[in-house]
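Chains, contacts and geometry: an overview
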Amino acid sequence: MTGTDDFPPAAQRRISGFPAGIELTEIAARASVSAFSRTDAERIEHVLISIRRTLAQLEKLGPVDEELLEVNPTAGLVIERILANLLDLIVDVNTAVGQGFGARPSAGFTESCEAAIAVGLIDHVLAEELRPVEGPHHVVLQLCLDSDPGQAEAVVVRAVSAFQDFERRAIAWHGQLGRE
């Protein structure tokens, strides 16, 4: 790694004021970036592998329609837990990214997204798709399973689309980090 120029523009701005407005020398900034790339980047890579595998497992199930839910009533509960797990994994990535650039540890989804937005990993639109206004996908799915199973498929499709978008962006962003 040659320095902060290897990072997305939003991350470069954050590094220049890293941490909390304290200016670091170029050598100190590089050391901070190098520490991030050796530890947090590996953690992010492992979480992205988990996200990729989990999404692949969901895709293998096929459509989460009423037929599947009738034939296998536990499928809905399993899928609900998978969606909750995916959201947790996304929070892990966002938190690691934020902490790697000097953000304080996040207290949950919203703060983790703010950190990820600040360094250019995601934007506000994706953050809202990852956790829509009506509630986290897994909670909305749980409500659908209880009251309107016919809506389950649409909930899962929307969730998977958002999680796949996150995965693509995170892989691209992670690739910009480079390795020493």
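See above for the structure.
Residues numbered from 1 in each chain as written. Predicted model: local features only at pLDDT ≥ 70, side-chain atom pairs only at ≥ 80, totals over all residues. Heavy atoms only, no water.

Let us now look at a negative patch on the surface. Where like charges cluster on the molecular surface, the negative patch consists of Glu66, Glu67, Glu70 and Asp148. Within the secondary structure layout, glutamate 70 lies in helix 3 (residues 66-71). Assessed through its relative accessible area of 63%, glutamate 70 is described here as exposed. (Patch = residues over 30% accessible without salt bridge, like charges linked within 9 Å, V, L, I, M, F, W, Y side chains within 5 Å. Areas by Shrake-Rupley, 256 points an atom, 1.4 Å probe, with all protein chains shown as cover. Salt bridge = Lys/Arg side-chain N within 4 Å of Asp/Glu carboxyl O. Lys, Arg positive; Asp, Glu negative; His and termini not counted. Charge placed at Lys NZ, Arg CZ, Asp CG, Glu CD. Helix = DSSP H or I, 4+ residues; strand = E, 2+ residues; numbered from the N terminus. Buried < 20%, exposed > 50% of the residue type's maximum accessible area, 1.4 Å probe, protein only.)

Take the packing of helix 4 (residues 73-100) against helix 7 (residues 137-147) next. Their axes nearest at 8 Å, the elements helix 4 and helix 7 cross at an angle of 165°. Taken together, the axes of helix 4 and helix 7 are roughly antiparallel relative to one another. In terms of crossing hand, the pair formed by helix 4 and helix 7 is left-handed. Packed against helix 4, whose contacting residues are Gly76, Leu77, Ile79, Glu80, Arg81, Leu83, Ala84 and Leu87, the element helix 7 presents His137, His138, Leu141, Gln142 and Leu145 at the interface. Taken together, the residues of the contact of helix 4 with helix 7 break down into seven nonpolar, four polar and two charged. (Axes fitted to C-alpha atoms, helices over the stretch in contact; angles between N-to-C directions. Parallel < 35°, antiparallel > 145°, perpendicular 65-115°, else oblique. Left-handed = near helix turned anticlockwise from the far one by under 90°. Contact = heavy atoms within 4.5 Å. Nonpolar A, V, L, I, M, F, W, Y, C, P; charged D, E, K, R; others polar.)

This brings us to the nonpolar core. In this structure, Ile51, Leu121 and Phe166 are the most contacted members of the largest nonpolar core, which totals 45 residues. Listed by contribution, the elements that provide at least two residues to this core are helix 2 (26-61), helix 3, helix 4, helix 5 (109-118), helix 6 (124-130), helix 7 and helix 8 (152-177). Among the elements that line this core, the one with the most residues is helix 4, at twelve residues. When neighbours within four sequence positions are excluded, leucine 121 is seen to be in contact with Val93, Asn94, Val97, Ala116, Phe166, Arg169, Ala170 and Trp173. (Core = buried A, V, L, I, M, F, W, Y, C linked by side-chain atoms within 4.5 Å.)

Time to look at the side chain of histidine 137. By the secondary structure assignment, histidine 137 is in helix 7. On the basis of relative accessible area, histidine 137 is assigned to the buried category, the value being 5%. At 2.8 Å, the side chain of histidine 137 forms a polar contact with the backbone oxygen of glutamate 129. The residues contacting histidine 137, other than those within four sequence positions of it, are Leu83, Glu129, Leu130, Pro132, Val155, Arg158, Ala159, Ala162 and Phe163. (Polar contact = N/O pair within 3.5 Å; in protein donor to acceptor, adjacent residues only side chain to side chain.)

Here the focus is the pattern of salt bridges. Taken as a whole, this structure holds six salt bridges when the rule is applied. Between arginine 169 and aspartate 123 there is a salt bridge; the shortest N-O distance is 3.1 Å. Linking arginine 169 in helix 8 with aspartate 123 in the loop between helix 5 and helix 6, this pair joins segments that are 46 residues apart in sequence. Judged by relative accessible area, which is 28%, arginine 169 ranks as partly exposed. By relative accessible area, which is 31% here, aspartate 123 ends up partly exposed. Via salt bridges that share partners, Asp123, Asp165 and Arg169 belong to a single interconnected network.

Below, the discussion takes up the side chain of serine 112. As for its position among the elements, serine 112 is in helix 5. A relative accessible area of 0% means that serine 112 is categorised as buried. Excluding anything up to four places from it in sequence, serine 112 contacts Val91, Asn94, Thr95 and Ser106.

Between helix 4 and helix 5, the least distance of the axes is 8 Å, while the angle of their chain directions is 50°. When the axis of helix 4 is compared with that of helix 5, the two are oblique. Remark: the crossing between helix 4 and helix 5 carries left-handed chirality. Taken together, the residues of helix 5 that come into contact with helix 4 (itself represented by Leu87, Val91, Asn94, Thr95 and Gly98) are Phe109, Ser112, Cys113, Ala115 and Ala116. By residue class, the composition of the contact of helix 4 with helix 5 is six nonpolar, four polar and no charged.

This next bit is on the environment of alanine 115. Position of alanine 115 among the secondary structure elements: in helix 5. Assessed through its relative accessible area of 13%, alanine 115 is described here as buried. Between the C-alpha atom of alanine 115 and that of glycine 98, which follows or precedes it by 17 residues, the distance is 4.8 Å.

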